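# Summary of structural features
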Amino acid sequence: MAGFGWKLHGDGRHLKPGEVVRPGERLTWGRTIALGAQHVVSMIGACFVAPVLMGLDPSLALMASGVATALFLVMTRGRIPSYLGSSLSFVGVSVVIAGQGGDAGTLTGAMLVVGACLAGCGIAIHVVGARVIHAVLPPTVTGAVVMLIGFNLAPVTASTYWPQDQWTALATMMFTGLALVVLRGFWSRIAIFLGLVFGYALSWILDRTVGKIHSVNGAGKLTDHWRIDFSGVEKADWIGVPTFHAPNFSASAILVALPVLIALIAENAGHIKAVGAMTGDPLDDKMGMAIVADGTATVLSTAVGGPATTTYAENIGVMAATRVYSTAAYWAAAGFALLFGLCPKFGAVVAAIPGGVLGGITVILYGMIGLLGAQIWVRNKVDFSVPLNLIPAAAGIIIAIGGVSLKFTDNFELSGIALGTLTVLTGYHSLRWLSSAAGRPRTPLLDAGTSEYGERGEGEG
């Protein structure tokens, strides 16, 4: 089965206790299409938040996610049921690039290069074997990089979104947190989306009951303004093509974006392992090709002005809840995403999300990204009583979060995420080599493959 020709599971309507619908199977087409729509609802919150935070067209992001998912399914020959949505890993990068004077083209150019590098890494992994991931990117390094990428975003929430409407931000944060903790099953998977809807509705009610708010607007100017600006929605067409733009390339922007490559490889590896465990089909042989597919999809998306793509945990959660792993449902989801992407008015509604709402969402979202790094450490039992694990991670995280910079020339310097990642990566491997050269015992470089990724850790140097 190369991605098509699904076998009907049973009667196509019912699942017996303990039964699952495998990737090469499907339910009736009506149920399959409905599941595809559910996958779109599950991913739509994060998929739209990412481009909005980065200043990109949300309609184009949704359309690109549909194309990316279809490409992923073809390249992995239908064995890996996954949805590729907008990557949030580049939000911090977008802030840094904007601070350097870069525009949307500069950002998409940097992401395109990262996507090409990701595809290249996937080819290498496919040829050499999945164990190379653990050798180059042990849990100590990947956890630290994911953490510094997330926590580096804290100033964006504190200085840009939250001040626009602090009380709406607080209410949205509390509602979203409540939804994530209290709701179960499918509803918990779309908690971010529900938080956006709640904040949007609250802002609309406040505009009509208490009037304008006196605060900074999206441009950072203190003024009286409405929380929601529907002018763009009124001008947008119901049917149309999203706004495209060509990428442009800046060496400094590319250097800022390249560290995200580590997070993307770790993210893809973790997702592939999770899907393999759920479907009962070990996918180590397809891990390299899955990473190639994600990198290729990112190149295609960013080449026309869209965001980078990545596999979505939200949709993995939907599969766990429904026990339906059919790739036919993902083809349906990709089709829905393409159709929604052709509705500019829908994208304009998303682009009009008030800053205060984004403030409440990003407090949780950015924190969750950062704490995913801690989750990698915990699951892999990384021992921070070992100096080899502690020193590079500690130094890199503080450098990234604090915005420490290292100036080489008048026109070139490293700072923030880029310098923090370089510190963790080079620091870990150089200290590991030096401790070995000094005669200290250490585990073999290829001591554990990705078949054990997430189960074993770096216990000692």
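Residues numbered from 1 in each chain as written. Predicted model: local features only at pLDDT ≥ 70, side-chain atom pairs only at ≥ 80, totals over all residues. Heavy atoms only, no water.

### Thoughts on the side chain of Thr-106
Considering the arrangement of structural elements, one finds Thr-106 in helix H4 (residues 104-128). Sequence-distant contacts of Thr-106, defined by excluding residues within four places in its chain, comprise Ile-97, Asn-248, Ser-250 and Ala-253. (Helix = DSSP H or I, 4+ residues; strand = E, 2+ residues; numbered from the N terminus. Contact = heavy atoms within 4.5 Å.)

### What about the state of the cysteines?
Per the stated rule, a full pass over the model turns up zero disulfides. The thiol of Cys-117 is not disulfide-bonded; the next cysteine sulfur, from Cys-121, is found 6.7 Å away. Its relative accessible area of 30% is what places Cys-117 among the partly exposed residues. By relative accessible area, Cys-121 is classed as partly exposed at 24%. (Disulfide = S-S within 2.5 Å. Buried < 20%, exposed > 50% of the residue type's maximum accessible area, 1.4 Å probe, protein only.)

### Remarks on the packing of H4 against helix H14 (residues 284-303)
Running from N to C, H4 and H14 point in directions that differ by 160°, and their axes come no closer than 7 Å. If you check the angle between H4 and H14, you find them roughly antiparallel. For the pair H4 and H14, the crossing hand works out as left-handed. Every residue of H14 that contacts H4 at Thr-108, Met-111, Leu-112, Gly-115, Ala-116, Leu-118, Ala-119, Gly-122, Ile-123, Ile-125 and His-126 is listed here: Asp-285, Gly-288, Met-289, Ile-291, Val-292, Asp-294, Gly-295, Thr-296, Thr-298, Val-299, Thr-302 and Ala-303. Per-class residue counts for the contact of H4 with H14 are 12 nonpolar, nine polar and two charged. (Axes fitted to C-alpha atoms, helices over the stretch in contact; angles between N-to-C directions. Parallel < 35°, antiparallel > 145°, perpendicular 65-115°, else oblique. Left-handed = near helix turned anticlockwise from the far one by under 90°. Nonpolar A, V, L, I, M, F, W, Y, C, P; charged D, E, K, R; others polar.)

### Let's talk about the packing of aromatic side chains
Under the counting rule described, the total for this entry stands at three aromatic pairs. Considering the side-chain rings of Trp-6 and Trp-29, the 5.9 Å spacing of their centres and the 85° angle between planes classify their relative orientation as edge-to-face. In this pair, Trp-6 is assigned in the segment before strand E1 (7-8) and Trp-29 in helix H1 (residues 29-54), connecting sequence segments 23 residues apart. Aromatic pair Phe-175 and Phe-198: ring centres 4.3 Å apart, planes at 5°, arrangement stacked. Residue Phe-175 is found in helix H8 (residues 166-182), and its partner Phe-198 is found in helix H10 (residues 191-209); the two are separated by 23 residues along the sequence. Judged by its relative accessible area of 28%, Phe-175 is partly exposed. Look at Phe-198 and you get partly exposed, because its relative accessible area is 28%. Between Lys-345 and the ring centre of Trp-238, over which it is positioned, the NZ or CZ distance is 5.3 Å. (Phe/Tyr/Trp six-rings, centres within 6.5 Å; stacked < 30°, edge-to-face > 60°. Lys NZ or Arg CZ within 6 Å of the ring centre and 35° of its normal.)

### Some words on the side chain of Arg-227
Structurally, the position occupied by Arg-227 is in the loop between strand E5 (222-225) and helix H11 (231-235). On the basis of relative accessible area, Arg-227 is assigned to the buried category, the value being 12%. Among the polar contacts listed, one links the side chain of Arg-227 to the side chain of Asp-165, at a separation of 3.1 Å. If near-sequence neighbours (up to four positions away) are discounted, Arg-227 is found in contact with Asp-165, Thr-168, Ser-203, Leu-206, Asp-207, Val-210, Gly-211, Lys-212, Ile-213 and Pro-354. (Polar contact = N/O pair within 3.5 Å; in protein donor to acceptor, adjacent residues only side chain to side chain.)

### Remarks on the packing of helix H6 (residues 139-151) against helix H19 (residues 387-402)
It is at 9 Å that the axes of H6 and H19 come closest, and there the two elements cross at 15°. The pairing of H6 with H19 is recorded here as roughly parallel in orientation. The chirality of how H6 crosses H19 is right-handed. Contact residues: Thr-140, Ala-144, Met-147, Leu-148 and Phe-151 in H6; Asn-389, Ala-393, Gly-396, Ile-397, Ala-400 and Ile-401 in H19. Residues belonging to the contact of H6 with H19 are distributed by class as follows: eight nonpolar, three polar and no charged.

These figures come from the coordinates and say nothing about function on their own.
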